[in-house]
Amino acid sequence: MTLITDKPRVRTLLLTDLVDSTSLVERIGDTAAAELFRAHDRMVLELQQRWRGRLIDRSDGLLLIFERPIDGLGFALDYVRGLRDLGSEHNQRLQARAGLHVGEVLVWENSADAIRVGAKSLEVEGLAKPLAGRLMGLARPGQILLSATAEPLAHRAARELGERGELLVWKSYGRWRFKGMPEAQEVYEVGEPGLAPLRMPSHTPKAWRDLPLWRRPAALAAEAMVLAAMIVGGWFITQPKPAIAFGERDWVVVGDLRNLTGDARIDESLDQAFRISLEQSSYVNLISDLKMRETMQRMQRKPDTRIDRATGSEIAMRDGARALLLPTVAEVGGRLRVSTEVIDPRTQITVYAVSADGKGIESALASIDDVTGQLREKLGEAMQNVQKTSVPLPNVSTPSLEALKAFAVARNVYNTTRDLEQALGLYRRALQLDPQFALAHADMARMFSGFGQIEAAMAEWRKALALRGRLSPQETMRIELLLHQHTAPAPFLRKVDEYLAIYPDDEQVLLRSGSPLWHHRNDFRAAEVRFRQVLKPTFSNQGSVNYSLGIMLLGQERVQEALAAFHRSRELGFSGAGEYYARAYDAQGLHADADKTYLVGTGGRDGWQGDSAVTTWVDRGQPQRAAKAADAWLAKAIKDADVLETLRARAAIASLVALAGSGDAAGAARGLLSASRAQAQQADAIYPPVSVDLQLYAGLLAAHAGDRALLADALHGVHDSVVVRDYPTVGQLWAVLLAEQDRLAGNLDAALARLRPLVKHDSALVAVHWGLMRAEQSAGNADAAMTQSRWLATHRGRVLTENTTSDVLRFFNVWVSREASQATRATTASR
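A. Highlighting the overall build of the chain. Along the backbone of the chain there are 40 helices and 16 strands. For the chain, the C-alpha radius of gyration of 38 Å lies well beyond 28 Å, the compact-globule estimate for 831 residues. If one aligns the C-alpha atoms of the chain with their principal axes, the spans along those axes are about 130 × 70 × 50 Å. Evaluated residue by residue, the chain yields a buried proportion of 52% over its 831 residues. Counted over contacts in the chain with a minimum sequence separation of 6, partners at least 24 positions apart contribute 64%.

B. Representation of the nonpolar core in the model. By size, the foremost hydrophobic cluster in this structure holds 193 residues, and its most contacted members are Leu270, Leu696 and Tyr697. With sequence-adjacent residues up to four places away left out, Leu696 is seen in contact with Leu715, Val718, Val724, Val730, Leu733, Trp734 and Leu737.

C. Up close: helix 26 (residues 591-600). What helix 26 keeps buried is the set Ala594, Thr597 and Tyr598. All buried residues of helix 26 fall inside an arc of 100 degrees around its axis, so they share one side. In helix 26, the exposed positions angled more than 90 degrees off the buried face are occupied by Ala592, Lys596 and Val600. Where helix 26 is buried, its residues meet helix 24 (559-571), helix 25 (579-586) and helix 27 (610-619).

D. Summary view of the environment of Leu554. Counting through the fold element by element, Leu554 comes out in helix 23 (residues 542-554). Each C-alpha atom, one on Leu554 and one on Phe437, is 44 Å from the other, the two residues being 117 residues apart in sequence.

E. Spatial organisation of the packing of helix 32 (residues 690-705) against helix 35 (residues 728-744). Viewed as axis vectors pointing N to C, helix 32 and helix 35 meet at an angle of 30 degrees, and their least axial separation amounts to 10 Å. The angle between helix 32 and helix 35 places the two elements in the roughly parallel class. The crossing of helix 32 and helix 35 is left-handed. In this structure, helix 32 contributes Val692, Asp693, Leu696, Tyr697, Gly699, Leu700 and Ala703 to the contact, and helix 35 contributes Val730, Leu733, Trp734, Val736, Leu737, Glu740 and Arg743.

F. Quick peek at the side chain of Asp71. Tracing the backbone through its elements, the reader meets Asp71 in helix 3 (residues 69-89). By relative accessible area, Asp71 is classed as buried at 3%. Not counting chain neighbours up to four residues away, the residues in contact with Asp71 comprise Trp51, Arg52 and Phe66.

G. Highlighting unusual backbone geometry. Even without being glycine, Asp20 reaches a positive phi, approximately 55 degrees. Inspection of the secondary structure assignment puts Asp20 in the loop between strand 2 (9-18) and helix 1 (21-28). The class of Asp20 is exposed, set by a relative accessible area of 54%. The residue Gln300 is not glycine, and still its phi comes out positive at about 60 degrees.

H. Quick look at the environment of Thr597. Along the chain, Thr597 falls in helix 26. By relative accessible area, Thr597 is classed as buried at 11%. Setting aside chain neighbours within four positions, we find Thr597 in contact with Arg570, Tyr581, Ala582 and Tyr585. A polar side-chain atom of Thr597 sits 2.8 Å from the main-chain carbonyl oxygen of Asp593.

I. Molecular detail of the environment of Pro435. Position of Pro435 among the secondary structure elements: in the loop between helix 16 (420-433) and helix 17 (438-450). Taking C-alpha positions, Pro435 is 9.6 Å from Thr398, a pair spaced 37 residues apart along the chain. With residues up to four places along the chain from it excluded, the contact list for Pro435 reads His441 and Leu467.

J. Quick peek at the packing of aromatic side chains. In this structure the tally under the stated criterion is 15 aromatic pairs. With a centroid separation of 6.1 Å and an interplanar angle of 65 degrees, the aromatic rings of Trp633 and Phe811 are classed as edge-to-face. Pair noted here: Trp633 is in helix 28 (residues 623-639) and Phe811 is in helix 40 (residues 809-830), with a separation of 178 residues, a long-range link. Comparing Trp633 with Phe811, the two get one shared label, buried. It is Arg418 that lies over the ring of Tyr414; its NZ or CZ is 4.5 Å from the centre. Taking NZ or CZ as reference, Arg625 lies 3.7 Å from the ring centre of Trp617, over its face.

Procedures and definitions
- Residues numbered from 1 in each chain as written.
- Predicted model: local features only at pLDDT ≥ 70, side-chain atom pairs only at ≥ 80, totals over all residues.
- Heavy atoms only, no water.
- Helix = DSSP H or I, 4+ residues; strand = E, 2+ residues; numbered from the N terminus.
- Rg over C-alpha atoms; globule rule 2.2 N^0.38 Å.
- Buried < 20%, exposed > 50% of the residue type's maximum accessible area, 1.4 Å probe, protein only.
- Contact = heavy atoms within 4.5 Å.
- Core = buried A, V, L, I, M, F, W, Y, C linked by side-chain atoms within 4.5 Å.
- Arc of directions from axis to C-beta.
- Axes fitted to C-alpha atoms, helices over the stretch in contact; angles between N-to-C directions.
- Parallel < 35°, antiparallel > 145°, perpendicular 65-115°, else oblique.
- Left-handed = near helix turned anticlockwise from the far one by under 90°.
- Polar contact = N/O pair within 3.5 Å; in protein donor to acceptor, adjacent residues only side chain to side chain.
- Phe/Tyr/Trp six-rings, centres within 6.5 Å; stacked < 30°, edge-to-face > 60°.
- Lys NZ or Arg CZ within 6 Å of the ring centre and 35° of its normal.

This is the structure in structure tokens:
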């Protein structure tokens, strides 16, 4: 023989053992086994070359040496993955155990004569070899175990493995005793999530845990008895009161889930699952992800900062939450444990913890349900209510962790970037993995609705509702409610009241219910009440809510309060639409301040545009500039193929002609009526009451011009429409046109009888006051007519904020308000 090393050298040794290789041959036969082993040997040769390894021995397993630990680890990782793929090709389960150690060895070559009679070409000996063998024997199938010498050297170099190195899980299993070795050895595992067991090895006759005396069974039993006696005695002495006084509808912050398993599937998916499960409670309220991001921004923290004990407690204190919940998923004693700490944010002390164990990753969702059920009871919710309102997570979301992860990432993408296409792609991926995933349809519907794609939103809500067995009672009720929001306001608002009676803290439903009170009922006071319900530190978008509140206050002529609300909205970071903030100054005649305010908002960076520009220039007595703005608006709408904006721009142009009376007023109104009828189907697909509202507006312009025939045509075209019945503001406009028809026909008593009752209500349209003014004038009631004229001249906030269905009445409102102001001034001057 020839020595390659004349003295021991430090080398990396890897020993592997193919699990159940003998039974494999018996199972598939010699021929098939030979073919499989030839493929196995080709793979080993390729991996040797890739990782610069030298094969020393082979039988059921392999013995290789490497210059560097990271090369040995790279071989082992690729070998485990390669066996899985090779097994799949042959419909067999192939796994190996592997032990990796770094130590001193002697290496020599056998002589040619020795090789001819069966000796190996290369021999390796030294204490490092049996230790690597003990590690291999201890390993579970598919497991790579490392010694305390190999682990830090490989761990430090893991970046050389590229992106895969970042995903590896490194676990310590403490000190172990090996038969025939005098010293206990630290044992580690490294592996890829989904491939490696990542579990504590089992004791064998040749390997066992090195436990100190106090942790051995007999000692533990005695210690447990003493400890139990101390705990029981201490409890009777102290009997502490609950550290958190949690009441119904109090709020909690949910921190980021700590994933100690190394399984990447768990991260986003179980975070979202925990929220979905807990959100089924009407007793416990969760601070939303969006609200927490807003608070983090105010705290000047980066968006990706983990919400841990310290950060979560600060968020809870700022947002008025009573408790912080910190969920954790870990492997304990070979089982998957889901636990949650309940933390007092004032002291950051854990008040109590709950947990549930299961077998394997597939048990995670059931364990989360168990944990959230325990939490709800500990926080004070009645057990009967917990049982009544809880639907198992696999039913209310999805049993697929991959689908749940795609869903969670989609939510995060949409909430942080508003990237519709990327989020839709992720939701569709979730539905590919689980076609019955109802919540994915519901989320897609909310996104479509937010982007004004009403038909698509309604379709997704219907798909979700068709899977009601996969929805919680709350989500089912919410979707039924949302399906009504783009139909008649009365059923929708009735559904809202029913829903809020059970779930009074749903900020999205509260916000959505404010808009129909404004747009469809013209009820600024009721809308103010609804928006004030959302002015809570626990709710998100407080800047936007203050802006909406400012509009409602301005519509009630509470101008200074409105300005204060608008100012707060800017302080809270809302820099979006600024038109109504500017209108608070226009209402006072402070047009320069209005322009300055509008330009600050993101919507006003290009100056007055579109409908805002037409309204502004009409209100300021500059009809030529208004006409130029309307033409530009129409050109852009046609270029964008925007049906609704095209019709609204035509309404603006028709208004300028018809109200000024300087051109073909009847022709302008007739053109709008024809266009509204021609494109009714397209417009109503976007917003159901639009075409009827536009046709009635054309009739209003005809009435202003005194064209009885065109007014009758407009009324006849919609006389049997349910929109007139179901939408209060459209019904008021219908009444104005009927009154004008009566007035033009000389039926003044009928006209007055239609409108006088309406103006007694604060929700009466500006057009109702105008119509009553005209009827009183025609009846010779000068004082009564002047009362309505003064109302039009002085209620500038209402004139500038009234926003109904198609929102074209704004052009008429500012025109007749300006006319009334001029008439009032003239009357005052003549006196």
